Amino acid sequence: MKKAILLAILLLFFPICPGLIAAQPILLSLPEKVVAEMEQKSLPLQVNQPSESLAGLISVEKVENLNFNDNSLAATVTMSGRDVQLNTNLGGHNLLLKVGNVELDFSLEAVTRFDKASQTLFIRPTVSGIDQRGSQNNEVGELIAALFNEQELPVALENLAPIITDIGNRQLVINMSVEDIRFGPDAVEILLTPQTSVKPR
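Below you will find a few notes about this structure.

Rules used throughout
Residues numbered from 1 in each chain as written. Predicted model: local features only at pLDDT ≥ 70, side-chain atom pairs only at ≥ 80, totals over all residues. Heavy atoms only, no water. 1 Å grid on protein atoms, 1.4 Å probe; cavity = no way out; pocket = protein on both sides within 12 Å on 5 of 7 lines; lining within 4 Å. Points joined across faces, edges and corners; volume = space filled by probe spheres on them. Nonpolar A, V, L, I, M, F, W, Y, C, P; charged D, E, K, R; others polar. Core = buried A, V, L, I, M, F, W, Y, C linked by side-chain atoms within 4.5 Å. Buried < 20%, exposed > 50% of the residue type's maximum accessible area, 1.4 Å probe, protein only. Helix = DSSP H or I, 4+ residues; strand = E, 2+ residues; numbered from the N terminus. Pairing = 2+ DSSP bridges.

## Topic: the layout of surface pockets
Piece 1. Its boundaries defined by the atoms lining it, the largest pocket holds a volume of some 1,700 Å³.
Piece 2. Together, 43 residues line the largest pocket, and E39, L45, L121, I123 and V155 are the ones closest to its centre.
Piece 3. Of the residues belonging to the lining of the largest pocket, the class tally is 36 nonpolar, four polar and three charged.

## Considering the nonpolar core
Piece 1. Core analysis: the biggest nonpolar cluster contains 34 residues, and L54, F148 and I181 have the highest contact counts within it.
Piece 2. Within the residue set of this core, elements represented by two or more residues are β4 (54-69), β5 (72-90), β6 (93-115), β7 (120-133), α3 (138-148), β10 (170-184) and β11 (187-200).

## Describing the pairing of β10
Piece 1. The sheet contact formed by strand β9 (residues 163-167) and β10 spans five bridges and is antiparallel. What sits directly across from I167, in β10, is R170.
Piece 2. Between β9 and β10, which pair antiparallel in sequence order, lie two residues; one of them, G168, sits at a positive phi of approximately 60°.
Piece 3. Bridge count between β10 and β11: 14 bridges; the pairing is antiparallel. In the sheet register, I181 faces β11, and the bridge partner there is I190.

Written out as structure tokens, the structure is:
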């Protein structure tokens, strides 16, 4: 029954014609609460170090108080570092400072932009209110957070799995590509462009 309903929708919006068909864009709106729940399920999330000055396993452990606005977002983030090392230069000599494990909380406000060609969402955070736990030296936490401050961090999108259904002796394939990602008050909007093709089974 569900397959029959899905097929009826596909036939309504995507007429069956040979070759590749570009359909009208689809707007998907995700409320803050839904995005926050999805984010929590994906954590912890390992992040790439934005600088060669930092080594170790850096992960985002928690994201709270997520708030969207026009092409921007704000949140409270908990980040951890395992076997952290800082590479510094003093008087022309390279020094390796072994920090160990750290955990810090901070607030951030970030502007966003989406690059369609590379299918990448870029986030540029401004970090504030740093609170390092488990260490008496808060300067280390501030230094780690500063490496991410005002740096444009890429979030590459994985290719969306195509929708494939059989219609008689033919197969309908619908591929989705992301046209744009827009942040607005209380929601993020994702503009998807479907392309359909029909081929023999």
